[in-house]
Structure formats: structure tokens, C-alpha cells
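Examining the three-dimensional arrangement
The chain contents come next:
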Amino acid sequence: MNKLEWMQLQRRLWNRRIMNTYWIIVLVSLMTQLAALFIMIGQPMLQINEYIIYDVVIPFVLQLILMGAVEIIILRLKWEHPYLIITTGIGLASILIATYSTVDGFEYVLLFPIMLSLIYDEHRKLVFALTSAAVCLTVLYLTIPQLYERTSISDLMIYVLVMLGAFGILYGLLEQRRDLLRFLGKAIQSEQDLLIRTVIMDRQTKFDALTDLYNHKTFHEYLDNLIAQSDKYELPLQLAIIDIDNFKKVNDTYGHAVGDIILERVAQVVKQYILSPDDITARFGGEEFAVIFADKSPAQAFDSIERIRAQVEMLRHHEMNGKNVTVSIGLASYRYGSGKAAIFSEADSMLYAAKRSGKNKTITAVQHPAV
């Protein structure tokens, strides 16, 4: 669900809540009128009949017609515009004012739909609610004599001032909310920018820019941590050092730009065959790469390294006129409690053994225990 769909869903939920509130108002109004009817017991029958018709039945029917029509528009026609919801509130308030026309101050119920318009967070909706309320109240004053007769000029002026004051307060709240949202938006954007810069800087400090593998410093940090974990929990740990054979000749013959391309391709092969998130791949030096195998047996580590060696040998580089490069690899297993220097020295010794014995091979301590 995208942001627009989420906002539309929230608006529909709020429209439903407002309509439910309107229905509650209708029921409360009916119960209030029926309660007043019981109080009238003992009054002349003509007066009671007039009350039932003009104060109970007609207002309730008008409310039902209004609410029913709006529900049909919303549920059947799938149209629930905020203006429709606001107008419904104005209409209900107008029916109540007409019903209770002899009650002083009942005109203030028109404040309710005006305040509800604040939910839609638009100045136009608020202005529409105030204008509609003013028009409806004017019509009520012109058509209902009781309302006009009981309202003095001072009462009317107070009412107008209260309505305008409420409008001003609500308008100010909308402005404050807009300012707050703008401020929060800028703050969030600044925080996101800072987070992105932090991630970029963190990546720059941990990764080699050319090969996108961990750099020398990060390699040693991970190796230190994994050795500590291995000593504590006796977890198997393997270290492989990979060196591109005759890389200096590649640079001297084809140039450093081609040499960088070869480094990138070898790094891609390393990443391609080291898929476990527990294993660490790094560019250890100029043409050297390192792989730390966590929680793998020597045989599993050897198989992975051999696949890398074989794949590198198979690659043909058009920048080198279709020739290939090879790698020599030294692989060592960590012995608990021996420390980082021991496994690193052993892997390095196995690498030099591979170089001395013809290159393009993987040598382990198991194969050459005397080295």
C-alpha cells in the first residue's frame, strides 16, 4: 500500500466515524424528544399531538431522510467527498435548531460540523463549513418566527463573534499544524540525509572502493572478533589468502587500468562463490584477497576456494587479447587458543608453498604438514 492509498483509507475510516457520530446524534435527539413526551403526560391531548407531529415525527423523519440519502450516496455510489460529510453535519444541526427553536443558544450546535471540518486538514473545507453554517442560519432566522423573535440584536452579535472567533482559532490550528508538518518534514529529510551520509561514510571506511569487498582494516577487525568467538565456543574457523599470479606482469604489459579490471573480475568471482552471510571476503592487499570461513569444516572451505580458483582460470579477458589469469591460494584452519598470528602465518605459508610449487593451486596445511 502506497502513501496515497493509505491516506485514502484513513479518510474513509474518518468519514465512517463521523457518519456513525451523526447517527448517534439522531438517536439521542429522538430519545430526548420521547423523554420530553413522557413529561407532557397530563397536558391537553391537542398539545401532545402537536408535539408528537412537529417535535418528534417530522424532525426524526427529516433526519432519517437526510442520513439515508447520504448513506446511499456513500455505500452505493461510492462517493464520500468531505464536502458531503460537512454538509450532512450542517443539515443535521439545522434540523435540530429548527426543532429546538425556542431554546436559547441552541444555534451553537452549528459549531460542531465546523470543528469536524478540521479533520480534513484543509482551509477550504473550514471556510466551506463556516459559509454553509452562516447561510443555513440566515435561512432559519428568516423562516422560523420563534427563532427570530427570541433572539435579540446583542445575542446575534455575540453568536456571530463566537462563530468568527472559533473560525479564527481553528484556522490558526490548521496553520500551526501545517507549519509543524513542514518542520517535521524538513527534520526527517535532514535526518535521512544524515543517515545516508553516515552509511556512505561507513561504507567508505569498511569497503574497498575498487572491488566492493571489505578492506584490509575491516578484515582484521572481523578476524579478531571471529577468533575470539572461536576460542570461546570452539567454533571452526578457516582462513584463505588468494593471490593473483604474475599480476605485476599484467600491469606492466597491459597497464594499470587493465589491472584494475582484472582485480574487479576476480573480486566478482570471490563474491559469487562465497554466499554465506557468516563468511567474510576482503581485499587484503594490492592483488591479494582473503576469505574467512566461519563455522565450516576444512573440506567445505577447500571446496569453495577451489571453485573460485577454477572459475578465475576459466575467465578470458579481451583486454588481455583473450588470455586468462590464475590465482594461488593458501588455506589454514584455526587451532583454538593459538591466536590470530598463528592462523595468518600458516595461511601465508601455504600461499607461498602454492607459488613455489607451480602456482594456480590451493595448498592447505593438511597437504603440506612440513611447511
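Use the structure listed above.
Remember, predicted model here, so these are calculated numbers, not experimental data.

Definitions and limits used
Residues numbered from 1 in each chain as written. Predicted model: local features only at pLDDT ≥ 70, side-chain atom pairs only at ≥ 80, totals over all residues. Heavy atoms only, no water. Axes fitted to C-alpha atoms, helices over the stretch in contact; angles between N-to-C directions. Helix = DSSP H or I, 4+ residues; strand = E, 2+ residues; numbered from the N terminus. Parallel < 35°, antiparallel > 145°, perpendicular 65-115°, else oblique. Contact = heavy atoms within 4.5 Å. Nonpolar A, V, L, I, M, F, W, Y, C, P; charged D, E, K, R; others polar. Pairing = 2+ DSSP bridges. Phe/Tyr/Trp six-rings, centres within 6.5 Å; stacked < 30°, edge-to-face > 60°. Buried < 20%, exposed > 50% of the residue type's maximum accessible area, 1.4 Å probe, protein only. Expected span 1.5 Å × (residues − 1). 1 Å grid on protein atoms, 1.4 Å probe; cavity = no way out; pocket = protein on both sides within 12 Å on 5 of 7 lines; lining within 4 Å. Points joined across faces, edges and corners; volume = space filled by probe spheres on them.

**Points about the packing of helix 2 (residues 45-75) against helix 3 (residues 82-99)**
In the contact formed by helix 2 and helix 3, the axes pass within 10 Å of each other and the chain directions differ by 175 degrees. As summarised for this structure, helix 2 and helix 3 are arranged roughly antiparallel, according to the angle between their axes. Two secondary-structure elements touch here, helix 2 through Asp55, Pro59, Leu62, Gln63, Leu66, Met67, Val70, Ile73 and Ile74 and helix 3 through Leu84, Ile85, Thr88, Gly91, Leu92, Ile95, Leu96 and Thr99. Class assignment for the residues of the contact of helix 2 with helix 3 results in 12 nonpolar, four polar and one charged.

**What to know about the sheet that holds strand 1 (residues 237-244)**
Ordered in space as 2-3-1-4-5, the five strands form an open sheet in which the pairing is mixed. The open sheet terminates on both sides in strands that have one partner only, identified here as strand 2 (280-283) and strand 5 (362-364). With strand direction ignored, the average angle separating the axes of adjacent strands in the sheet is 15 degrees. Taken together, the four bridges between strand 2 and strand 3 (residues 288-294) define a ladder with antiparallel strand orientation.

**Notes on the packing of aromatic side chains**
Throughout the structure, instances matching the rule amount to seven aromatic pairs. A ring pair is formed by Phe167 and Tyr171, whose centres lie 5.8 Å apart and whose planes are at 40 degrees; its orientation type is tilted. In this pair, Phe167 and Tyr171 are both assigned in helix 7 (residues 153-206), four residues apart and thus about one turn of the helix distant. The class for Phe167 is buried, based on a relative accessible area of 18%. Between the aromatic rings of Phe284 and Phe344, the centroid separation amounts to 5.1 Å while the plane-to-plane angle is 45 degrees, which identifies the pairing as tilted. Of the two residues, Phe284 sits in the loop between strand 2 and strand 3 while Phe344 sits in helix 12 (residues 340-356), which places them 60 residues apart along the sequence.

**Quick notes on helix 5 (residues 123-143)**
An ideal rise of 1.5 Å per residue puts 30 Å on 21 residues; helix 5 measures up with 30 Å between its terminal C-alpha atoms. Listed as buried for helix 5 are His123, Lys125, Leu126, Ala129, Leu130, Ser132, Ala133, Leu137, Leu140 and Tyr141.

**Comments concerning the environment of Ala290**
Within the secondary structure layout, Ala290 lies in strand 3. A relative accessible area of 1% means that Ala290 is categorised as buried. Linking Ala290 and Ala240, residues 50 residues apart in sequence, is a C-alpha distance of 5.6 Å.

**Regarding empty space enclosed by the protein**
One pass over the full model with this rule turns up one cavity of 30 Å³ or more. Taken as a whole, the largest cavity encloses approximately 50 Å³ of empty space. As for the largest cavity, its lining consists of Ser29, Leu30, Gln33, Asp55, Val56, Pro59, Phe60, Gln63 and Thr99. Here the lining of the largest cavity gets five residues from one element, more than from any other, and that element is helix 2. Of the residues contributing to the lining of the largest cavity, the split by class is four nonpolar, four polar and one charged.

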